[in-house]
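# Breakdown of the fold
Each chain is listed here by its residues.
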Amino acid sequence: LLHTFLFYATFAVTDSATLPIEQRTRAELLLFYTMNIYNNKALSIQEQIERLKKNGLIIDDENQTNKTLSIISYFRLASYWRPMEEKGQGHQFKPNSHFNNALLLYYFDKELRALIFSAIQSIEIALRTKVIHSFSIMYGPFWFMDDTLVKSLKQQIENIASLRKELDRSKEDF
């Protein structure tokens, strides 16, 4: 399976390598950059901690940091300690930079994303409810089945098939 993946990944990269960068897919760009640029070896969690300390990040509790890095990846947290790095100095940290500050920023961001997602979800439900209600009043309760209201019959057939599949999958009472 890995061999097959590498074949397809290599094909995807080499097949469109002559295309301008804005015409490549995200997957091709990810594979291209991953396969051609990233040559670093994987580090154990203890090696990650040592590298952070060597670069000047203050780690107050190594055991806790080890536990944290075993459930939140180094690369996920890297975005949160990046503001503490000296500009133009590789990955050297500014004086008094603490791992816990990056972790607090990560947890703040996590909570903020959850709040925003919850608000977006409420807005989406309210908007969908308004659209469904308006269309139901104007065109009847089965407006979504009316072929005269769509521009693409092919898309309409796909939508109805998707709806039927979702109804079959769902255990909710409608």
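Note that the structure is predicted; figures quoted are calculated from it, not measured. (Residues numbered from 1 in each chain as written. Predicted model: local features only at pLDDT ≥ 70, side-chain atom pairs only at ≥ 80, totals over all residues. Heavy atoms only, no water.)

## What about the overall build of the protein chain?
Secondary structure summary: the protein chain contains seven helices and zero strands in total. When the helices and strands of the protein chain are placed in sequence order, the string is α-α-α-α-α-α-α. Considering the protein chain as a whole, with its 174 residues, one finds that 21% of them fall into the buried category. The contacts in the protein chain between residues at least 6 apart in sequence include a share of 37% that link residues at least 24 apart. Looking at the protein chain as shown, the accessible area adds up to about 14000 Å², and 60% of this sits on carbon and sulfur atoms. (Helix = DSSP H or I, 4+ residues; strand = E, 2+ residues; numbered from the N terminus. Buried < 20%, exposed > 50% of the residue type's maximum accessible area, 1.4 Å probe, protein only. Contact = heavy atoms within 4.5 Å. Areas by Shrake-Rupley, 256 points an atom, 1.4 Å probe, with all protein chains shown as cover.)

## Examining the packing of helix α3 (residues 45-54) against helix α4 (residues 62-71)
With their axes 10 Å apart at the nearest point, α3 and α4 run at an angle of 120° to one another. The angle between α3 and α4 places the two elements in the oblique class. Relative to α4, the crossing made by α3 is right-handed. Contacts between α3 and α4 involve Ile-45, Gln-46, Gln-48, Ile-49, Glu-50 and Lys-53 on the former and, on the latter, Glu-62, Thr-65, Asn-66, Leu-69 and Ser-70. Class assignment for the residues of the contact of α3 with α4 results in three nonpolar, five polar and three charged. (Axes fitted to C-alpha atoms, helices over the stretch in contact; angles between N-to-C directions. Parallel < 35°, antiparallel > 145°, perpendicular 65-115°, else oblique. Left-handed = near helix turned anticlockwise from the far one by under 90°. Nonpolar A, V, L, I, M, F, W, Y, C, P; charged D, E, K, R; others polar.)

## Comments concerning helix α5 (residues 74-81)
Listing the buried residues of α5 in full gives Tyr-74, Leu-77, Ala-78, Tyr-80 and Trp-81. Angularly, the buried residues of α5 cover 165° about the axis, an arc narrow enough to put them on a single face. At its buried positions, α5 is contacted by α3, α4 and α6 (99-139). (Arc of directions from axis to C-beta.)

## A closer look at the packing of aromatic side chains
Overall, the coordinates contain nine aromatic pairs when judged by the stated rule. With 4.8 Å between their ring centres and 55° between their planes, Phe-135 and Trp-143 make a pair best called tilted. Assessed through its relative accessible area of 19%, Trp-143 is described here as buried. (Phe/Tyr/Trp six-rings, centres within 6.5 Å; stacked < 30°, edge-to-face > 60°.)

## Side note on a nonpolar patch on the surface
Taken together, Leu-127, Val-131, Phe-135, Met-138, Tyr-139 and Leu-149 make up a surface patch of nonpolar side chains, about 550 Å² in accessible area. If you trace the backbone, Leu-149 turns up in the loop between α6 and α7 (153-169). (Patch = residues over 30% accessible without salt bridge, like charges linked within 9 Å, V, L, I, M, F, W, Y side chains within 5 Å. Salt bridge = Lys/Arg side-chain N within 4 Å of Asp/Glu carboxyl O.)

## A closer look at the environment of Ser-44
In this structure, Ser-44 sits in the loop between α2 (26-37) and α3. Once the C-alpha coordinates of Ser-44 and Ser-70 are considered, the two residues, 26 residues apart in sequence, prove to be 9.8 Å apart.

## Overview of the pattern of salt bridges
Across all of its chains, the model carries eight salt bridges by this definition. For Glu-50, the salt bridge identified is with Lys-53, shortest N-O distance 3.8 Å. On the criterion of helical spacing, the pair formed by Glu-50 and Lys-53 is a turn pair, its members being three residues apart in helix α3. By relative accessible area, which is 37% here, Glu-50 ends up partly exposed. The partly exposed category is assigned to Lys-53, whose relative accessible area is 32%. Where Asp-109 meets Arg-113, a salt bridge forms, and the shortest distance between an N and an O atom there is 3.1 Å. Taken together, the residues span about one helical turn, with Asp-109 and Arg-113 both in helix α6 at a distance of four residues. Residue classification places Asp-109 among the partly exposed positions, given a relative accessible area of 23%. Classification of Arg-113 by relative accessible area gives partly exposed; the value is 41%.

Honestly, that's just the spatial picture; any functional story needs more than this.
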